[in-house]
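What follows is the residue order along each chain.
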Amino acid sequence: MSIYLVKRLLHLIPTLIGVTLFAFLLVAAVPGDPAQIIAGESASEEEVQIIRDQLGIDKPLYQQYISYVTNIFKGDLGTSLRSSKPVLDEILLRFPTTLILTVMSLVVMIIVGLIAGIASATKPNSIRDNVSMMISLFGISMPVFWMGIMFILLFSYYLPWFPSGGSSEFKHFVLPSLVLGLSASGILARLTRSSILEIVNQDFVRTARAKGVKEKYVIYKHTLKNALIPIITIVGMEFGVLLGGAVITETVFSMNGIGRYVVESIQFRDFPAIQGSILFISTIFVLVILLVDLSYSIVDPRIRYEN
Amino acid sequence: MEIIENVVSQKEVVAPAYVPRSPWKMMIQRFKKNKRAMIGLYITSLFVILAIFAPWISPYNPFEYNMKALLQAPSLSHPFGTDQFGRDVLSRIIHGSRISLMIGIVGVGISIIVGVTLGTMAGYFGGILDSIIMRIMDILLAFPGFLLALAIISILGPNMVNVMIAIGIFSIPTFARIMRSSVISIKYKEFIEATKSLGGSHLFIIIKHVIPNCIAPIIVLSTMRIATAILTAAGLSFLGLGAQPPSPEWGAMLNEGREYIRAASHLSTIPGLIIMLVVLGFNMLGDGLRDALDPQMKI
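Because the structure is a prediction, the values reported are computed rather than measured.

Enquirer: In this structure, what is going on with the overall build of chain B? I would like to understand it.
Expert: When you go through chain B residue by residue, the secondary structure sums to 12 helices and zero strands. The order of helices and strands in chain B, counted from the N terminus, is α-α-α-α-α-α-α-α-α-α-α-α. The C-alpha atoms of chain B give a radius of gyration of 25 Å, which is well past the 19 Å a tight globule of 299 residues would have. In terms of overall dimensions, chain B has a C-alpha envelope of 85 × 65 × 25 Å along the principal axes.

Enquirer: Looking at this model, I keep getting lost on the environment of L50(B). Mind explaining?
Expert: Mapped onto the elements of the fold, L50(B) is located in helix α3 (residues 35-52). Residues in contact with L50(B), not counting those within four places in the same chain, are I57(B), I94(B) and S97(B).

Enquirer: Please explain the UniProt feature "transmembrane region" (unreviewed entry) in chain A as it appears in this structure.
Expert: On the UniProt side, "transmembrane region" (unreviewed entry) is annotated at positions that read residues 12-30, 99-121, 133-158, 170-189, 227-248 and 278-299 of chain A here. Secondary structure across residues 133-158 of chain A divides into 92% helix and 0% strand, with the first and last C-alpha atoms of the span separated by 29 Å.

Enquirer: Just checking my understanding: could you explain the side chain of T98(A) for this structure?
Expert: Residues and elements named next belong to chain A. Along the polypeptide, T98 turns up in helix α5 (residues 87-122). A relative accessible area of 4% means that T98 is categorised as buried. Leaving out residues up to four positions away in the same chain, T98 has contacts with A246, E250, G257, I258 and G259.

Enquirer: It is not clear to me how the interface of chain B and chain A should be interpreted in this structure. Could you clarify?
Expert: Many descriptions give the size of an interface as the accessible area lost when the pieces come together. On the chain A side, the residues contacting the 39 residues of chain B number 46 residues. Summed over both sides, the interface of chain B with chain A buries roughly 3,800 Å², with 78% coming from carbon and sulfur. Connecting chain B to chain A are one salt bridge. D287(B) is the salt-bridge partner of R190(A), the closest N and O atoms lying 2.8 Å from each other. Where chain B touches chain A, the interface holds six residue pairs in polar contact (both at pLDDT 80 or more). For the side of chain B that touches chain A, the secondary structure elements donating two or more residues are α6 (127-141), α7 (145-156), α10 (202-238) and α12 (266-293) of chain B. With 12 residues, α12(B) is the largest single contributor of residues to the side of chain B that touches chain A.

Enquirer: Where do I start with the pattern of salt bridges in this structure?
Expert: Oppositely charged side chains can form a pair if their charged atoms are brought close together. All told, the structure shown has 16 salt bridges over all chains when counted by the stated rule. Between R260(A) and E264(A) there is a salt bridge, and its shortest N-O distance comes to 3.3 Å. Within this pair, R260(A) and its partner E264(A) are both found in helix α11 (residues 258-267), separated by four residues, close to a single helical turn. We classify E264(A) as partly exposed; its relative accessible area is 22%. Of the charged contacts in the structure, one is a salt bridge between R87(B) and E256(B), with a shortest N-O distance of 3.5 Å. Placement of the pair is R87(B) in the loop between α4 (54-57) and α5 (89-125) and E256(B) in helix α11 (residues 250-257), with a sequence separation of 169 residues. The two residues R87(B) and E256(B) agree in class, both being buried. The network of salt bridges with common partners includes R190(A), D287(B), R290(B) and D291(B).

Enquirer: Explain helix α1 (residues 2-28) of chain A here, please?
Expert: One turn of an α-helix holds 3.6 residues; hence residues three or four places apart share an orientation. Relative to the 39 Å expected for 27 residues at 1.5 Å per residue, α1(A) spans 39 Å between its end C-alpha atoms, a close match to the ideal helical length. Among the residues making up α1(A), those that are buried are Y4(A), R8(A), L12(A), G18(A), V19(A), T20(A), A23(A), F24(A), L26(A) and V27(A).

Enquirer: Can you walk me through the packing of aromatic side chains in this structure?
Expert: Inspection of every chain in the model, using the stated rule, returns 12 aromatic pairs over all chains. Taken together, a centroid distance of 4.8 Å and an interplanar angle of 5° make the contact between Y65(B) and F85(B) stacked. One end of the pair, Y65(B), is in the loop between α4 and α5; the other, F85(B), is in the loop between α4 and α5, and 20 residues separate them in sequence. Site record: aromatic cluster; members linked through ring pairs are F24(A), Y65(A) and Y68(A). The positively charged end of R82(A) is found above the aromatic ring belonging to F268(A), 4.7 Å away from the centroid. A cation sits over an aromatic face here: K216(A) above Y217(A), 5.8 Å from the ring centre.

Enquirer: I'm lost on the packing of helix α8 (residues 160-186) of chain B against α10(B) in this one. Help?
Expert: The description of two packed helices rests on the angle between their axes and on the distance between the axes. Residues and elements named next belong to chain B. Across the interface, α8 lies against α10 with an axial gap of 9 Å and an inter-helix angle of 155°. Relative to α10, the element α8 lies roughly antiparallel. Judged by the sense of rotation from one axis to the other, the crossing of α8 with α10 is right-handed.

Enquirer: I tried to follow helix α8 (residues 171-200) of chain A on my own but got confused; where do I start?
Expert: Counted at 1.5 Å a residue, the expected span for α8(A) with its 30 residues is 44 Å, and the 41 Å between its end C-alpha atoms agrees. Burial analysis of α8(A) places 22 of its 30 residues in the buried class, the great majority of the element.

Enquirer: Even after reading the chapter, I still don't get the UniProt feature "domain: ABC transmembrane type-1" (unreviewed entry) in chain B, so can you show me in this structure?
Expert: As annotated by UniProt and renumbered to match this structure, "domain: ABC transmembrane type-1" (unreviewed entry) occupies residues 97-286 of chain B. Along residues 97-286 of chain B one finds 83% helix and 0% strand; the C-alpha atoms at either end are 19 Å apart.

Enquirer: Help me understand the environment of G126(B), please; the structure alone is not making it clear to me.
Expert: All names here are of chain B. Relative to the helices and strands, G126 is located in the loop between α5 and α6. Between the C-alpha atom of G126 and that of M102, which follows or precedes it by 24 residues, the distance is 35 Å. Once you skip the residues sitting within four places of it in the chain, G126 turns out to touch M121 and K187.

Enquirer: Could you clarify how one ought to interpret the packing of helix α6 (residues 127-141) of chain A against α8(A) in this entry?
Expert: All names here are of chain A. The interhelical angle for the contact between α6 and α8, taken along N-to-C directions, is 135°, at an axis separation of 7 Å. Classed by the angle they form, the pair α6 and α8 counts as oblique. Read as a crossing pair, α6 and α8 show a hand that is left-handed. Taken together, the residues of α8 that come into contact with α6 (itself represented by D129, M133, S136, L137, G139 and I140) are S183, G186, I187, A189, R190 and R193. Residue composition of the contact of α6 with α8, grouped by class: five nonpolar, four polar and three charged.

Enquirer: Would you mind going over the UniProt feature "transmembrane region" (unreviewed entry) in chain B with me for this structure?
Expert: As recorded in UniProt, the feature "transmembrane region" (unreviewed entry) lies at residues 37-57, 99-124, 136-155, 161-179, 200-220, 226-243 and 264-285 of chain B. Regarding residues 136-155 of chain B, the helix share stands at 85% and the strand share at 0%, and the terminal C-alpha atoms are separated by 19 Å.

Enquirer: Sorry if this is basic, but what is going on with the confidence of the model for chain B here?
Expert: Interpretation of this model should avoid reading the predicted coordinates in detail wherever pLDDT is low. Residues and elements named next belong to chain B. Predicted confidence across chain B gives a mean pLDDT of 88, with 92% of residues reaching 70 or more. Looking across chain B, the model is least confident in helix α1 (residues 2-8), with a mean pLDDT of 62, and most confident in α3, with 95. This prediction of the complex comes with two scores: 0.88 for pTM and 0.86 for ipTM.

Enquirer: What is the right way to look at the side chain of T82(B) in this model?
Expert: Residue and element names in this part refer to chain B. Among the structural elements, T82 can be located in the loop between α4 and α5. Given a relative accessible area of 0%, T82 falls into the buried group. For T82, the side chain forms a polar contact with the main-chain nitrogen of L71, separated by 3.3 Å. Separated by 2.7 Å, the side chain of T82 and the backbone nitrogen of Q72 make a polar contact. When sequence neighbours within four positions are dropped, the list of residues in contact with T82 reads A69, L70, L71, Q72, R87, V89, H266 and L267.

Rules behind the numbers
Going along each chain's sequence as written, the residues are numbered from 1 onward. Throughout, the order in which chains and ligands are written sets their labels, letters from A for the former and numbers from 1 for the latter. Where local features are concerned, this predicted model is filtered to residues with pLDDT of at least 70; where side-chain atom pairs are given and counted, the filter is 80 or more; whole-chain, interface and lining totals use all residues. Only hydrogens and water are set aside; all other atoms, that is, all heavy atoms of the structure, feed into the side-chain values. A run of DSSP states H or I qualifies as a helix once it reaches four residues; a run of E qualifies as a strand once it reaches two. Both are numbered from the N-terminal end. This radius of gyration counts C-alpha atoms alone. The globule rule is 2.2 Å times how many residues there are, raised to the power 0.38. Any two residues whose heavy atoms approach within 4.5 Å at even a single point are treated as in contact. UniProt positions are given in the numbering used here, feature names are shortened, and annotations may be inferred rather than shown by experiment. Any residue under 20% of the maximum accessible area for its type is buried, any over 50% is exposed, and the rest in between are partly exposed; the area is computed with a 1.4 Å probe on protein chains only. The term buried area refers to how much accessible surface (probe radius 1.4 Å) is lost by two components on association, counted for both of them together. When a carboxyl oxygen of Asp or Glu is within 4 Å of a side-chain nitrogen of Lys or Arg, the pair counts as a salt bridge. Contacts described as polar in this section are N or O atom pairs within 3.5 Å, which, within protein, must combine one atom able to donate a hydrogen with one able to accept it, while residues neighboring in sequence count only if both atoms come from side chains. Helix span, expected: 1.5 Å multiplied by one less than the number of residues in the helix. Aromatic rings from Phe, Tyr and Trp, with only the six-membered ring used for Trp, were paired whenever their centres fell within 6.5 Å, and each pair was classed as stacked if the ring planes differed by under 30 degrees, edge-to-face if by over 60, and tilted otherwise. For a lysine, the NZ atom is tested; for an arginine, the CZ atom; a charge sits over a ring if that atom is within 6 Å of the ring centre and within 35 degrees of the ring normal. Lines fitted to the C-alpha atoms define the axes, with helices restricted to the stretch that makes contact. Angles between their N-to-C directions range from 0 to 180 degrees. Relative orientations are named as follows: roughly parallel for angles under 35 degrees, roughly antiparallel for angles over 145 degrees, roughly perpendicular for angles from 65 to 115 degrees, and oblique for any other angle. In a left-handed crossing the near helix is turned counterclockwise from the far helix by less than a right angle, and in a right-handed crossing that turn is clockwise. Residues were grouped as follows: Ala, Val, Leu, Ile, Met, Phe, Trp, Tyr, Cys and Pro as nonpolar; Asp, Glu, Lys and Arg as charged; and all remaining residues, including Gly, as polar. A residue's pLDDT is simply how confident the predictor is in it, with values from 0 to 100.

What follows is the structure, given as structure tokens:
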């Protein structure tokens with residue numbers, strides 16, 4: 001297990017270099033002089049020069065990248081141009097909101113998606129299967145911002161059960177996580193169904209049935225256990241969808257999370273903030289994928305030995 | 001008896017029971033039998049027709065202000081109501097279909113061209129080239145899709161062309177991966193070996209044999225990706241980072257309409273329903289194409 005873990009952690013290095021390089025190039029690739037854009041058309045040469053020094057864009061690119069990565073290791077993601085505060089502080093202030101929202105949505109997604117997927121796969125081509133897959137298809141096709149607005153209209157305007165915005169209390173998270181979780185559960189349901197159906201047709205399931213194992217055990221013990229790996233993979237990938245969806249959901253529900261921070265930063269052209277938040281979210285996503293990979297070896301011990 | 005005699009004496013030609021059919025004809029037959037796929041085809045065709053004939057179909061000018069008809073609920077003269085400037089929502093929706101379909105098709109077109117080229121190169125040549133291409137794709141996949149689109153928009157600036165580029169880039173890794181795995185699955189097949197031994201160049205083999213044999217999953221993926229592209233573009237415009245007002249882009253319309261949610265909820269409801277309908281259409285079409293081409297396909 002420890003060799004597997006080390007190997008997997010080593011794999012992480014090139015990905016993280018790539019992620020930092022991309023975040024770095026993001027600002028370097030801005031057409032024209034970023035300092036001039038930030039300072040505005042009417043800024044004097046001195047003002048532009050100050051911003052240029054702040055960003056360090058006079059130096060060659062590779063030097064800029066090295067100092068950028070060194071700063072990341074020191075916990076310095078730059079200074080927000082809008083608030084003049086360290087970007088990392090701004091992100092950490094908003095991170096709990098985004099984390100709670102994504103985790104709650106993940107729970108909603110897993111419960112709804114798995115139940116719908118299993119319900120479909122255990123009776124393929126039945127009415128139950130068709131209805132559940134049709135609902136999933138609608139879920140996949142529904143824009144998450146529209147679903148958010150409709151939920152606000154229904155559950156906070158017509159039926160005043162939940163607040164329509166904010167992020168200070170638990171009740172603020174109910175509607176957004178339902179919206180985000182439900183909209184992501186469609187894909188999970190479809191993929192759970194196809195993963196289970198693939199396993200159901202394999203020999204060992206037929207053997208289990210032939211030797212008289214009860215249907216309940218065939219599904220839960222033999223099939224579902226083996227379908228876990230593709231399902232966990234999908235859940236991991238869907239976490240990325242949730243992080244992306246959080247950007248929209250936080251905006252619709254006026255929540256003070258990283259997603260909304262990114263949107264505001266783009267509107268204000270606050271490059272260090274954009275760069276920092278994108279780096280932060282992608283690093284989290286990369287770590288989640290790592291956790292998913294590591295969980296394979298717990299679910300299926302063969303993977304440890306093969307590697 | 002008479003028929004048999006005729007046949008034996010070769011007076012009459014009898015059509016053989018076995019009619020040779022091409023795989024494409026069989027695929028079309030399977031597709032036609034699938035109700036959901038046909039509904040998907042009808043929905044997408046409807047929007048394509050709306051987009052092409054928008055200026056002739058729409059009852060009003062989508063940009064024309066009418067201060068006498070502000071925020072009107074749906075009625076006979078304005079089936080989808082009017083917005084805060086008195087503009088006819090139906091006409092705006094019809095014109096908006098041009099924008100959404102164009103983003104979907106151009107955006108996905110960019111990803112097909114780049115993704116298929118990279119995937120084919122990686123799969124066909126293998127080795128270091130494969131490793132380099134696929135590592136870059138892995139890095140792109142390390143960004144949550146929507147965030148990648150946001151990042152690209154933040155560099156290029158918020159407008160429609162940049163939305164297409166952003167959407168094009170964010171689907172590239174998916175196309176490259178699917179193409180690579182299909183190419184690997186056929187590159188050692190006999191017919192490729194045969195062409196090689198006859199002296200066919202790599203370019204000839206790729207264009208004449210590899211791409212046509214790997215195109216099925218790409219067709220399915222493109223259809224589904226158009227749906228994702230339309231949703232993403234609408235999301236970006238909704239955040240104010242895509243199409244800018246007064247553009248009748250559906251996401252942008254929803255964003256504008258959101259302010260009047262209490263006074264005129266149709267401004268928020270209708271564009272969302274339309275987005276859902278067109279995305280649903282493309283998803284159903286994609287599902288149907290997959291089932292008709294190869295139900296075992298993993299997309």
